[in-house]
Amino acid sequence: MEEIICIVCPNGCHMQIDGKEQIKVIGNLCKRGEEFAIQELTNPMRSLTTTVRTTSKDMPMLPVRTKGEIPKSKIEEAMMVLNKIEISNSVTCGEVILKNILGCDCDIIATCSLII
Ligand code: SF4
């Protein structure tokens, strides 16, 4: 039996996973824990927080993040894409820096403003 900790809320329920084809979750206090466990076992998703380069001398790195989550398996590839980006124009906090990264239906947005 595999154990997994739910990270959906601060309760951090310890859940036991039983079965491979018919996944049975035990130990979750609510339905969201079961949904998290099944997602984690079948297609784990993660948000990504990082920085991209800019041409600004005052702010050479701009903090960015995914607007939602992307498959965990795509995080490394997404980092490679973001490492190639250089921002040369002013942006406002929340502005989309890159649309639909890797076709994951998730945008990359700035988490702070940049004035160039
Ligand atoms: S199972 Fe429900 S109560 Fe428990 S950590 Fe997950 S979201 Fe929170």
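Residues numbered from 1 in each chain as written. Predicted model: local features only at pLDDT ≥ 70, side-chain atom pairs only at ≥ 80, totals over all residues.

**Overview of the site of the ligand**
For step 1, the next point in the chain: Cys 6, Val 8, Cys 9, Asn 11, Gly 12, Cys 13, Asn 28, Leu 29, Cys 30, Arg 32 and Gly 33 make up every residue found near the ligand.
For step 2, the next point in the chain: When its residues are assigned to classes, the shell around the ligand shows 6 nonpolar, 4 polar and 1 charged. (Near = placed C-beta within 6 Å. Nonpolar A, V, L, I, M, F, W, Y, C, P; charged D, E, K, R; others polar.)

**With respect to unusual backbone geometry**
For step 1, the next point in the chain: Despite not being glycine, Leu 102 has its phi angle at roughly 55°, a positive value.
For step 2, the next point in the chain: Along the chain, the position of Leu 102 falls in the loop between strand E9 (96-98) and strand E10 (108-110).
For step 3, the next point in the chain: Since 15 C-beta atoms lie within 10 Å of it, Leu 102 is described here as partly exposed.
For step 4, the next point in the chain: For Asp 105, which is not a glycine, the phi torsion comes out positive at approximately 60°.
For step 5, the next point in the chain: Note on placement: Asp 105 falls in the loop between E9 and E10. (Helix = DSSP H or I, 4+ residues; strand = E, 2+ residues; numbered from the N terminus. Buried ≥ 20, exposed ≤ 12 C-beta atoms within 10 Å, placed from the backbone.)

**Notes on the environment of Gln 22**
For step 1, the next point in the chain: Turning to its location among the elements, Gln 22 is positioned in the loop between strand E2 (14-18) and strand E3 (24-26).
For step 2, the next point in the chain: For the pair Gln 22 and Glu 69, spaced 47 residues apart in sequence, the C-alpha separation works out to 25 Å.

**Re the sheet that holds strand E8 (residues 86-87)**
For step 1, the next point in the chain: As summarised here, the arrangement of the 5 strands in space is E8-E5-E6-E10-E9, forming an open sheet in which the pairing is mixed. A single partner strand is all that each edge strand has here, and the edge strands are E8 and E9. (Pairing = 2+ DSSP bridges.)

**Description of the domain arrangement of the protein chain**
For step 1, the next point in the chain: Splitting the protein chain by domain gives domain 1 (2-42) and domain 2 (49-110).
For step 2, the next point in the chain: A straight line from the C-alpha centre of domain 1 to that of domain 2 covers 30 Å. (Domains from an automatic or database assignment.)

**Let's talk about the nonpolar core**
For step 1, the next point in the chain: Listed in full, the 8 residues of the largest apolar core are Leu 62, Val 64, Ile 70, Ala 78, Ile 101, Cys 106, Ile 108 and Leu 114.
For step 2, the next point in the chain: Setting aside residues no more than four positions away along its own chain, Ile 101 makes contact with Ile 70, Ala 78, Val 81, Cys 106 and Ile 108. (Core = buried A, V, L, I, M, F, W, Y, C linked by C-beta atoms within 7 Å. Contact = placed C-beta atoms within 7 Å.)

**A look at the sheet that holds strand E1 (residues 2-5)**
For step 1, the next point in the chain: Pairing is antiparallel in the open sheet, where 3 strands are placed in the order E1-E2-E3. On the outer flanks of this sheet lie E1 and E3, each paired with one strand and no other. On average, adjacent strands in this sheet sit at an angle of 30° to one another, irrespective of strand direction.
For step 2, the next point in the chain: Note that E1 and E2 share 4 bridges and pair antiparallel. Among the inter-strand pairings, Ile 5 is bridged to a residue of E2, identified as His 14. (Axes fitted to C-alpha atoms, helices over the stretch in contact; angles between N-to-C directions.)

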